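# Observations on chain architecture
The primary structure of each chain is shown beneath.
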Amino acid sequence: MTSATATALGGADVEDRELDSFDLTDPLTYQTTDVHAMWRRFRTERPVHRHPATAAGPEFWVLSRYDDIMKVYKDDDDFTSERGNLLVTLLHGSDSAAGKMLAVTDGPRHAAIRKLMLKSFSPRALRHISEQVVQRTRLLLKGAVERGEADFARDVAEHIPIATICDLLGVPESDRAFLLGLNKQALSSSTADTSAEDSWLARNEILLYFGELAEERRKNPVDDVISVLATGLIDGKPLDEDEIVLNCYSLIIGGDETSRLSMIGGLQALMRHPEQWNALKQGEVTVESAVEEVLRWTTPGMHFGRRALRDVEVAGQRIAADDIVTLWNTSANRDEGVFDAPETFDLARTPNKHVSFGYGPHFCLGAFLGRVEINAMLDGLRTVADRVEPNGPVEPVFSNFLSGLESLPVRFEADREGLAQWD
Ligand code: HEM
């Protein structure tokens, strides 16, 4: 069955099914269901849903309305990230990086580490990195457009976020191939050629590598995130080794796949909506506004989550202390109570207060950088391509967290004048 048929069948099926029958822990659900039809039903019929226990773990709450999701994102008095912020860790009951890595640390320690890292994430600090993003994107796009066809995911988008994170961390050129190899292994626990143990080992190797680099930077600090973490003081004391290496690694975890999937999903959406491609190409919409709609439309991180610290009420429903609460950004970003015509891909949409980067104390640290990457891609595409068309079957990501495509074969028709501008 092609993915198009699967979605079509899923669409008809969604309206007749019991809401309890959607297993949100199962990655297959997202490949065989019309998820937007499913979320519409949750928002209308059961905005605070008690998901039954599954093979993956115990019961948990599912929030699908924008306002309820924002309320929980904001509220770190009643909800914690320290026992996981994704289904996989929440259902497991703990996250081994809790209290050390930003995304799974709360309170004053979180605020202090975040303040330290923010120094490297201000638009000013990122000026040089942003220029490199633009250069790298142009080089990759130019090559792909001149060849006439490419797997946009593997040949273009895959190379940008990870190289940018290496720039940010200050990973020397000579170590990059080694680190990228490890990262691929660390990510591919679900593929046939890598076992779960291999990916665990690869993750540990990455942490060891960052440990060694941090040691070197402590002696000879330069202008990069590792130096900031390795030399920074909180209450007069240096960070401990785990905090340094885990927060380096968290940039790869947080910033690689999310940005990549947005770029890929953005191009797919543009191919499916030629009038929007034309508007972008002709300069009828700004690239900045297009970036926001691509982020809303693609929502690469489908959900995040929290644990309730005490009994609390959300939308009239009592959530008990210790309960798991999941926040479905995919649904919030299509909430008809907040967005006009949410099922329309509209690059000129304004206002566009999507929650793709989360909200509140854990709001994405890399949001500026993510936007720079998508901006460089959209601006690059409209400059050097006249047309882009699908050129073979796509391959969706298999995940209950990430949404998007691993592979997107395309054919380009070059814009010769645009290409000449980059010579
Ligand atoms: C946090 C999404 C790009 C690093 C988050 C959160 C979301 C998110 C939703 C909040 C998680 C929560 O509340 O539990 C995205 C999306 C991106 C993107 C959609 C791209 C399109 C990046 C990049 C980096 C990054 C490029 C770094 C280079 C982080 C970090 C956190 C975070 C470190 C934790 C912040 C904290 O807990 O204080 N991201 N992200 N992200 N993101 Fe991103």
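Note: the structure precedes this text.
In what follows, the accompanying structure is described. Only a predicted model underlies this, so the values are computations on that prediction, with no experimental measurement involved.

Criteria and thresholds
Residues numbered from 1 in each chain as written. Predicted model: local features only at pLDDT ≥ 70, side-chain atom pairs only at ≥ 80, totals over all residues. Heavy atoms only, no water. Donors = N, O, S within 2.8 Å, 3.2 Å for Na, K, Ca; no water. Helix = DSSP H or I, 4+ residues; strand = E, 2+ residues; numbered from the N terminus. Expected span 1.5 Å × (residues − 1). Buried < 20%, exposed > 50% of the residue type's maximum accessible area, 1.4 Å probe, protein only. Contact = heavy atoms within 4.5 Å. Polar contact = N/O pair within 3.5 Å; in protein donor to acceptor, adjacent residues only side chain to side chain. Pairing = 2+ DSSP bridges. Axes fitted to C-alpha atoms, helices over the stretch in contact; angles between N-to-C directions. Core = buried A, V, L, I, M, F, W, Y, C linked by side-chain atoms within 4.5 Å. Near = heavy atom within 4 Å. Nonpolar A, V, L, I, M, F, W, Y, C, P; charged D, E, K, R; others polar. Phe/Tyr/Trp six-rings, centres within 6.5 Å; stacked < 30°, edge-to-face > 60°. Lys NZ or Arg CZ within 6 Å of the ring centre and 35° of its normal. Salt bridge = Lys/Arg side-chain N within 4 Å of Asp/Glu carboxyl O.

### Some remarks on the coordination of the iron atom of the ligand
A lone protein donor binds the iron atom of the ligand: Cys364 (SG), at 2.3 Å. Residue position: cysteine 364 is located in the loop between helix H17 (329-332) and helix H18 (367-384).

### Quick word on helix H13 (residues 241-255)
Over its 15 residues, H13 extends 22 Å from the first C-alpha to the last, a length consistent with the 21 Å expected when each residue adds 1.5 Å. Considered for burial, the residues of H13 that qualify are Glu243, Ile244, Val245, Leu246, Asn247, Cys248, Tyr249, Ser250, Leu251, Ile252 and Gly255. Buried-residue contacts for H13 involve helix H6 (107-118), helix H9 (159-169), helix H10 (173-187), helix H11 (196-219), helix H12 (225-231) and helix H14 (257-272). A side-chain oxygen of the first residue of H13 lies 3.1 Å from the backbone nitrogen of aspartate 242; this N-cap is aspartate 240.

### Examining the sheet that holds strand S1 (residues 48-51)
One open sheet holds the 5 strands; their spatial order is S1-S2-S10-S7-S3, and the pairing between them is mixed. Taken across any chain shown, the strands that pair with only one partner, and hence form the sheet edges, are S1 and strand S3 (79-80). Here S3 runs beside strand S7 (residues 303-308); their pairing, made up of 2 bridges, is antiparallel. Residue pairing across strands places phenylalanine 79 opposite alanine 308, the latter belonging to S7. Relative to strand S10 (residues 324-328), helix H4 (residues 66-74) is tilted by about 125 degrees, and along the sheet it contacts S1, strand S2 (60-63), S3, S7 and S10.

### Here's the deal with the nonpolar core
Phe152, Leu280, Leu378 and Phe412 are the most contacted members of the largest nonpolar core, which has 46 residues in total. Going through the elements one at a time, helix H7 (127-147), helix H8 (152-157), H14, helix H15 (274-281), helix H16 (287-298), H18, strand S11 (385-390) and strand S14 (409-414) are the ones with two or more residues in this core. The element best represented in this core is H18, accounting for 8 residues. Core analysis: the next-biggest nonpolar cluster, separate from the first, contains 42 residues, Leu116, Ile129, Leu168 and Leu365 among them.

### Some words on the sheet that holds S14
Judged by pairing direction, the sheet is antiparallel, and its 3 strands sit side by side in the order S4-S14-S11 without closing on themselves. In this open sheet, the two strands that pair with only one neighbour each are strand S4 (149-151) and S11. In this sheet, adjacent strand axes meet at a mean angle of 30 degrees when their direction is disregarded. In the packing of H18 onto the sheet, contacts are made with S11 and S14, and the angle to S11 comes to roughly 105 degrees.

### Focus on the site of the ligand
Close to the ligand lie 25 residues, the nearest being His110, Arg114, Arg306, His362 and Cys364. A distance of 3.4 Å is found between an oxygen atom of the ligand and a backbone nitrogen or oxygen belonging to alanine 103. Taking glycine 254, its main chain carries an N or O atom lying 3.3 Å from a nitrogen atom of the ligand. Elements that contribute at least two residues to the shell around the ligand include exactly H6, H13, H14 and S7. Here the shell around the ligand is built from residues that sort into 11 nonpolar, 12 polar and 2 charged.

### Observations concerning the packing of aromatic side chains
Taken as a whole and judged by the stated rule, the model has 10 aromatic pairs. With a centroid separation of 6.3 Å and 15 degrees between ring planes, the pair formed by tyrosine 30 and tryptophan 328 is classed as stacked. Note that tyrosine 30 is positioned in helix H2 (residues 29-32) and tryptophan 328 in strand S10, a separation of 298 residues in sequence. Taking relative accessible area as the criterion, tryptophan 328 reaches 0% and is therefore assigned buried. Residues phenylalanine 304 and phenylalanine 401 carry aromatic rings whose centres are separated by 5.4 Å and whose planes lie at 80 degrees to one another, so their mutual orientation is edge-to-face. With phenylalanine 304 in strand S7 and phenylalanine 401 in the loop between strand S12 (395-396) and strand S13 (405-407), the pair connects residues that are 97 residues apart, well separated along the chain. Cluster of aromatic residues (ring-pair linked, three or more members): Phe22, Tyr30, Trp39, Phe42 and Trp328. The ring of tryptophan 61 carries arginine 50 above its face, with NZ or CZ at 4.8 Å from the centroid. One residue, arginine 334, lies across the ring of tryptophan 297, its end atom 3.9 Å from the ring centre.

### Focus on the side chain of asparagine 329
Relative to the helices and strands, asparagine 329 is located in helix H17. At 2.9 Å, the side chain of asparagine 329 and the side chain of tyrosine 73 are in polar contact. The residues contacting asparagine 329, other than those within four sequence positions of it, are Ile69, Tyr73, Thr299, Gly301, Met302, His303, Phe304, Val355 and Ser356.

### Looking at the pattern of salt bridges
Inspection of every chain in the model, using the stated rule, returns 36 salt bridges. With a shortest N-O distance of 3.0 Å, arginine 46 and aspartate 20 are connected by a salt bridge. Of this pair, arginine 46 sits in the loop between helix H3 (35-45) and S1 while aspartate 20 sits in the loop between helix H1 (3-16) and H2; the two residues are 26 residues apart in sequence, bridging distant segments of the chain. Look at arginine 46 and you get partly exposed, because its relative accessible area is 29%.

### Brief notes about the pairing of S10
Burial analysis of S10 places 5 of its 5 residues in the buried class, the great majority of the element. Burial of S10 is two-sided: the residues Ile324, Thr326 and Trp328 facing one way and the residues Val325 and Leu327 facing the other way are all buried. Relative to S10, S2 runs parallel, the two being bridged by 3 bridges. Following the sheet pairing, valine 62 is matched in S10 by threonine 326. Bridge count for S7 against S10 is 5 bridges, and the pairing is antiparallel. Residue pairing across strands places arginine 307 opposite isoleucine 324, the latter belonging to S10.

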